[in-house]
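The chain contents come next:
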Amino acid sequence: MQIKLLSIDFDGTLVSRAGEPVLDTQCMGLIRALQDAGAIWAINTGRSVDLLESGLADFSFPIRPDFILTTERDVFRPGQNGDKWEPFGDWNERCARDHAELFSSAQSVLAEVIDFVMQKTKARLIYHSEGFEGLVAENDEEMERITEFIEQARAEHPNLDYQRNTVYLRFCHADYHKVSALAELARLIEVPRENIFAAGDHHNDISMLDGQVAAMPSCPANAIGEVKSAVRAAGGYVAEKQHGAGVHEALMHFAYGFNASTL
């Protein structure tokens, strides 16, 4: 299958925070080669636009993505001047409207969550300009307790969902996540499922790794068990190498038929 669109998570997948090197040079080189051959590269991340730009600069990325999918929901393309990002279509506008309506209607549920977190945990609450957004737990065990409570609290409010990455959690509308943003980008640039590669490592990546939108799902060896299970169930590729080296391994597998033993 020819790769025409790459949807790749940033932290923990392309970028290693566990040690050096932060970026895998072979992975960056292969992404550049695929871009030169006509493939489109999108970073699909929980970071905001500003935080992603900071990361690209801090880690000295040698190449630029063609599109960015940020905060696990928004779709951006390069602006006319080339160094700024602008919304692609009306997706971001619809997303913002639906989230505003959601948080207004779900205030009682969110208040229950705030009370539980303040009374029963040591987690830190996160607010933005429009109110309560999410939280940061002290550890994975605490996050498990918090998500168990959230699942119970939101039972009668199915549109209230959340995205989780390690000890970070952000509330969101159930219709907006990494895979829905990817599906919208694919629709706008007219790339079919069969030509889409996706890679991620944590809970918030699972939605784009089940094979429904991207026919070539993958994960690096450092991915959590739930991600590996999702990738395997979708007939994807679980790499033997970690972080960017694992993404390179998966790209070689799907683009050229190589596996870990031949790399």
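As a starting point, this report considers the structure included with it. (Residues numbered from 1 in each chain as written. Predicted model: local features only at pLDDT ≥ 70, side-chain atom pairs only at ≥ 80, totals over all residues. Heavy atoms only, no water.)

1. Observations concerning the environment of Gly-79
So, step 1. Along the chain, Gly-79 turns up in the loop between strand 4 (74–78) and strand 5 (85–87).
So, step 2. Among the residues examined, Gly-79 registers a relative accessible area of 13% and is labelled buried.
So, step 3. Separated by 143 residues in sequence, Gly-79 and Asn-222 place their C-alpha atoms 34 Å apart. (Helix = DSSP H or I, 4+ residues; strand = E, 2+ residues; numbered from the N terminus. Buried < 20%, exposed > 50% of the residue type's maximum accessible area, 1.4 Å probe, protein only.)

2. Examining the pattern of salt bridges
So, step 1. One pass over the structure, following the stated rule, counts 15 salt bridges.
So, step 2. The closest approach of N and O atoms between Asp-11 and Arg-47, which form a salt bridge, is 2.7 Å. Of this pair, Asp-11 sits in the loop between strand 1 (5–8) and helix 1 (25–36) while Arg-47 sits in the loop between strand 2 (40–44) and helix 2 (49–58); the two residues are 36 residues apart in sequence, bridging distant segments of the chain.
So, step 3. Since its relative accessible area comes to 22%, Asp-11 is described here as partly exposed.
So, step 4. A salt bridge links Arg-170 to Glu-72; its shortest N-O distance comes to 2.5 Å. On the criterion of sequence distance, the pair formed by Arg-170 in strand 9 (residues 168–173) and Glu-72 in the loop between strand 3 (67–70) and strand 4 is long-range, its members being 98 residues apart. (Salt bridge = Lys/Arg side-chain N within 4 Å of Asp/Glu carboxyl O.)

3. Quick notes on unusual backbone geometry
So, step 1. Positive phi is not limited to glycine here, since Thr-71 has a value of about 45°.
So, step 2. Inspection of the secondary structure puts Thr-71 in the loop between strand 3 and strand 4.
So, step 3. Accessibility expressed as a relative area gives 16% for Thr-71, which makes it buried.
So, step 4. Although it is not a glycine, Glu-190 adopts a positive phi angle of roughly 60°.
So, step 5. Locating Glu-190 in the fold gives a position in the loop between helix 6 (178–189) and strand 10 (196–199).

4. Side note on the nonpolar core
So, step 1. If you look at the biggest cluster of nonpolar residues, it comprises 32 residues, and the most contacted ones within it are Leu-6, Ile-31 and Phe-197.
So, step 2. Of all the secondary-structure elements, those providing two or more residues to this core are strand 1, helix 1, strand 2, helix 2, strand 10 and helix 8 (243–256).
So, step 3. Every residue in contact with Ile-31, bar those within four places of it in the chain, is listed here: Leu-6, Ile-8, Leu-14, Trp-41, Ile-63 and Leu-251.
So, step 4. Of all hydrophobic cores here, the second largest spans 27 residues; its members include Leu-5, Ile-196, Leu-209 and Ile-224. (Core = buried A, V, L, I, M, F, W, Y, C linked by side-chain atoms within 4.5 Å. Contact = heavy atoms within 4.5 Å.)

5. Quick look at the sheet that holds strand 7 (residues 131–136)
So, step 1. Spatial ordering of the open sheet is given by 6-7-9-8, a layout of four strands whose pairing is antiparallel. At either end of the open sheet lies a strand with only one pairing partner, and these are strand 6 (124–128) and strand 8 (160–165). Neighbour-to-neighbour, the strand axes of this sheet turn through a mean angle of 35°, independent of strand direction.
So, step 2. The pairing of strand 6 with strand 7 spans five bridges and is classified as antiparallel. Looking at strand 7, one finds that Tyr-127 is bridged to Phe-132.
So, step 3. Packed onto the sheet, helix 5 (residues 140–153) meets strand 7, strand 8 and strand 9 and runs at close to 170° relative to strand 8. (Pairing = 2+ DSSP bridges. Axes fitted to C-alpha atoms, helices over the stretch in contact; angles between N-to-C directions.)

6. With respect to the packing of helix 1 against helix 8
So, step 1. Across the interface, helix 1 lies against helix 8 with an axial gap of 8 Å and an inter-helix angle of 40°. As the angle between them shows, helix 1 and helix 8 are arranged oblique. With respect to the hand of their crossing, helix 1 and helix 8 are arranged in left-handed fashion. Contacts from Gln-26, Cys-27, Leu-30, Ile-31 and Leu-34 in helix 1 reach Gly-244, Val-247, His-248, Leu-251, Met-252 and Tyr-256 in helix 8. (Parallel < 35°, antiparallel > 145°, perpendicular 65-115°, else oblique. Left-handed = near helix turned anticlockwise from the far one by under 90°.)

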